[in-house]
Amino acid sequence: MGQVVATAERVVRAPADVVRAALADYTTTRPAVLPEQYSDYRVTEGGTGAGTRVHWKLQATSKRVRVQDVVVTAGPDGALVESDSNSSMVTTWTVHPADAGVSTVRARTTWTGATGIGGFFERTFAPKGLSRIHQALLEKLEHAVSAG
């Protein structure tokens, strides 16, 4: 078993504090920017930043659906860390100022992969698929924060 890593990064035309606040808003902004691969989204506790608990289904492929119960904690430098209670999957969202009124947003997801041939395919294809899903979310996030 090895660690599988998927990353996505996007420059967003909004100040870092605005982007951080939007990412931390699990009640209004987050459900609005989720791509079609997410369903059954609901906040089960909290709603803003650390201490929030969220449930969703993530359909990474036509055959692979993960039911996730996510606990949000605070990471270094204002990062949001989303840990799935049902698996080893952890997604860390970081936002850094890039220029005046511009931010770099990064999603990094890790999990313990399968072994054998299944693990080989998971390590080969899953990061690309999850990165595409994160990129779609980041694109929608940019539209949401630049429209506001």
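All values derive from a computational prediction rather than experimental measurement.

K.L.:
I'm lost on the nonpolar core in this one. Help?
P.N.:
Soluble globular proteins: nonpolar side chains tend toward being buried together. Ranked by size, the top nonpolar core spans 32 residues in total, and within it Val-19, Leu-23, Trp-93 and Val-105 carry the most contacts. Those elements that place two or more of their residues in this core are strand E1 (3-12), helix H1 (16-24), strand E3 (53-59), strand E4 (65-74), strand E6 (90-99), strand E7 (102-112) and helix H3 (116-147). It is H3 that provides the largest number of residues to this core, a total of six residues. Every residue in contact with Val-105, bar those within four places of it in the chain, is listed here: Ala-8, Glu-9, Arg-10, Val-12, Val-19, Leu-23, Trp-93, Thr-94, Val-95 and Leu-138.

K.L.:
Would you mind showing me how to read the pattern of salt bridges here?
P.N.:
Should their charged atoms come close, side chains of opposite charge can pair. Going through the model one piece at a time under the given rule, you end up with five salt bridges. Glu-9 is the partner of Arg-106 in a salt bridge, and the nearest nitrogen-oxygen pair spans 3.8 Å. With Arg-106 in strand E7 and Glu-9 in strand E1, the pair connects residues that are 97 residues apart, well separated along the chain. For Glu-9, a relative accessible area of 47% gives the class partly exposed. Of the charged contacts in the structure, one is a salt bridge between Glu-82 and Arg-30, with a shortest N-O distance of 2.7 Å.

K.L.:
Sorry if this is basic, but what is going on with the pairing of E4 here?
P.N.:
In this sheet, E4 lies alongside E3 in antiparallel orientation, the contact comprising seven bridges. Within E4, the position partnered with Lys-57 by the bridge is Val-67. Taken together, E3 and the strand that follows it, E4, pair antiparallel across an intervening segment of five residues. Inspection of the sheet shows E4 paired to strand E5 (residues 80-84) by five bridges, in the antiparallel sense. For Ala-74, the partnering residue across the bridge sits in E5 and is Leu-80.

K.L.:
It is not clear to me how the confidence of the model for the protein chain should be interpreted in this structure. Could you clarify?
P.N.:
Parts of the prediction with low pLDDT should not have their coordinates interpreted in detail. Across the protein chain, the average pLDDT comes to 90, with 91% of residues at 70 or higher. The weakest mean pLDDT in the protein chain belongs to H3 at 82; the strongest belongs to E5 at 98.

K.L.:
I keep staring at the packing of aromatic side chains and nothing clicks. Help me out?
P.N.:
Between two aromatic rings, the relevant description is the distance of the centres plus the angle of the planes. The full count for this structure, using the stated rule, is two aromatic pairs. Seen in terms of ring centroids, Tyr-38 and Trp-56 are 5.4 Å apart; in terms of plane orientation they differ by 80°. Their pairing is edge-to-face. Taken together, the positions of Tyr-38 in strand E2 (residues 38-45) and Trp-56 in strand E3 put the pair 18 residues apart, joining distant regions of the chain. The burial state of Tyr-38 is the same as that of Trp-56; both residues are buried. Relative to Trp-56, the ring of Tyr-41 lies with its centre 6.1 Å away and its plane at 5°, an arrangement referred to as stacked. Residue Tyr-41 is located in strand E2, and its partner Trp-56 is located in strand E3; the two are separated by 15 residues in the primary sequence. Three or more aromatic residues joined by ring pairs make a cluster, and in this case those are Tyr-38, Tyr-41 and Trp-56. One Lys or Arg, Arg-30, reaches over the ring of Trp-93 and ends 5.1 Å from the middle of that ring. Its end group placed over the ring of Trp-111, Arg-66 keeps NZ or CZ at 5.7 Å from the ring centre.

Conventions adopted
- Residues numbered from 1 in each chain as written.
- Predicted model: local features only at pLDDT ≥ 70, side-chain atom pairs only at ≥ 80, totals over all residues.
- Heavy atoms only, no water.
- Core = buried A, V, L, I, M, F, W, Y, C linked by side-chain atoms within 4.5 Å.
- Buried < 20%, exposed > 50% of the residue type's maximum accessible area, 1.4 Å probe, protein only.
- Helix = DSSP H or I, 4+ residues; strand = E, 2+ residues; numbered from the N terminus.
- Contact = heavy atoms within 4.5 Å.
- Salt bridge = Lys/Arg side-chain N within 4 Å of Asp/Glu carboxyl O.
- Pairing = 2+ DSSP bridges.
- pLDDT = per-residue confidence, 0-100.
- Phe/Tyr/Trp six-rings, centres within 6.5 Å; stacked < 30°, edge-to-face > 60°.
- Lys NZ or Arg CZ within 6 Å of the ring centre and 35° of its normal.

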